[in-house]
Amino acid sequence: MAVKKILRYLYLCAVLVVILAIIFKTVVRGNFFKEFSAFLLGDRNMAHSGNMALVILTVISVQLMLDVIGRILINLFSKNPRVATFAPSLRELIFLSTVEEIIFRWLPMGALTTISFLSGDIAFYILFLSSNAVWALIHLENFKNVESPIIKVLGISNIFFCGLLLSFLFVKFGLLATIIAHVSLNLIYFGLNKCFKE
């Protein structure tokens, strides 16, 4: 059992090193943090420029880095290292990710902002923050096996931050980019969960 736990840590550390290398290459040397910070501070009229695949890779890399750190914490402080219990088929995974992006990104930050009283910056950010908060809370079920409330709060915070990244991607490139990123993240997460299954 101890050997298995050490192998998990080594695996997570190796994944973290690869992700950090990708982030350094795509994020630190690029404009991602500058654009993402400007978006969070109120600039939603950013140019739809840049390489969409590179931005999607960056969003996935940043989120995976946070997830790997979370998994290390869960392995250190939880008796049950397995987080998610829901294991959909590939078809269900694509369908659910698409529906979530339509409900929590396109509807509040796309369709609703075309209504006149919801078209301003303040309304956009209220919709943006509230939709991501609700999206994070519906993922609370993923942490029902985790005993520590601190780990649960960190997990939900990580999902909320993922929502911010997906929202940035939606504003910059549209719905298809967020669906691709969301499906990719879920495929990786469920692969990791299978890898750590007892």
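It should be emphasised that the depicted structure is a prediction, and the values quoted were computed from it without experimental measurement. (Residues numbered from 1 in each chain as written. Predicted model: local features only at pLDDT ≥ 70, side-chain atom pairs only at ≥ 80, totals over all residues. Heavy atoms only, no water.)

1. Here we look at the packing of helix 4 (residues 90-111) against helix 6 (residues 149-173)
Point 1. Here helix 4 crosses helix 6 at 55°, and the two axes come no closer than 11 Å. As the angle between them shows, helix 4 and helix 6 are arranged oblique. Crossing angle aside, the handedness with which helix 4 passes helix 6 is right-handed. Where helix 4 abuts helix 6, its residues Glu-101, Arg-105, Trp-106, Met-109 and Gly-110 lie against Gly-163, Leu-166, Ser-167 and Phe-170.
Point 2. By residue class, the composition of the contact of helix 4 with helix 6 is four nonpolar, three polar and two charged. (Axes fitted to C-alpha atoms, helices over the stretch in contact; angles between N-to-C directions. Helix = DSSP H or I, 4+ residues; strand = E, 2+ residues; numbered from the N terminus. Parallel < 35°, antiparallel > 145°, perpendicular 65-115°, else oblique. Left-handed = near helix turned anticlockwise from the far one by under 90°. Contact = heavy atoms within 4.5 Å. Nonpolar A, V, L, I, M, F, W, Y, C, P; charged D, E, K, R; others polar.)

2. Considering the confidence of the model for the protein
Point 1. With 66% of its residues at a pLDDT of at least 70, the protein reaches an overall mean of 76.
Point 2. Per-element mean pLDDT across the protein ranges from 66 in helix 1 (residues 2-28) up to 90 in helix 5 (residues 121-138). (pLDDT = per-residue confidence, 0-100.)

3. Some words on helix 5
Point 1. The terminal C-alpha atoms of helix 5 lie 26 Å apart, and with 18 residues this matches the ideal 26 Å at 1.5 Å per residue to within 8%.
Point 2. For helix 5, every residue scored as buried is listed here: Ala-123, Phe-124, Tyr-125, Leu-127, Phe-128, Ser-131, Asn-132, Trp-135 and Ala-136. (Expected span 1.5 Å × (residues − 1). Buried < 20%, exposed > 50% of the residue type's maximum accessible area, 1.4 Å probe, protein only.)

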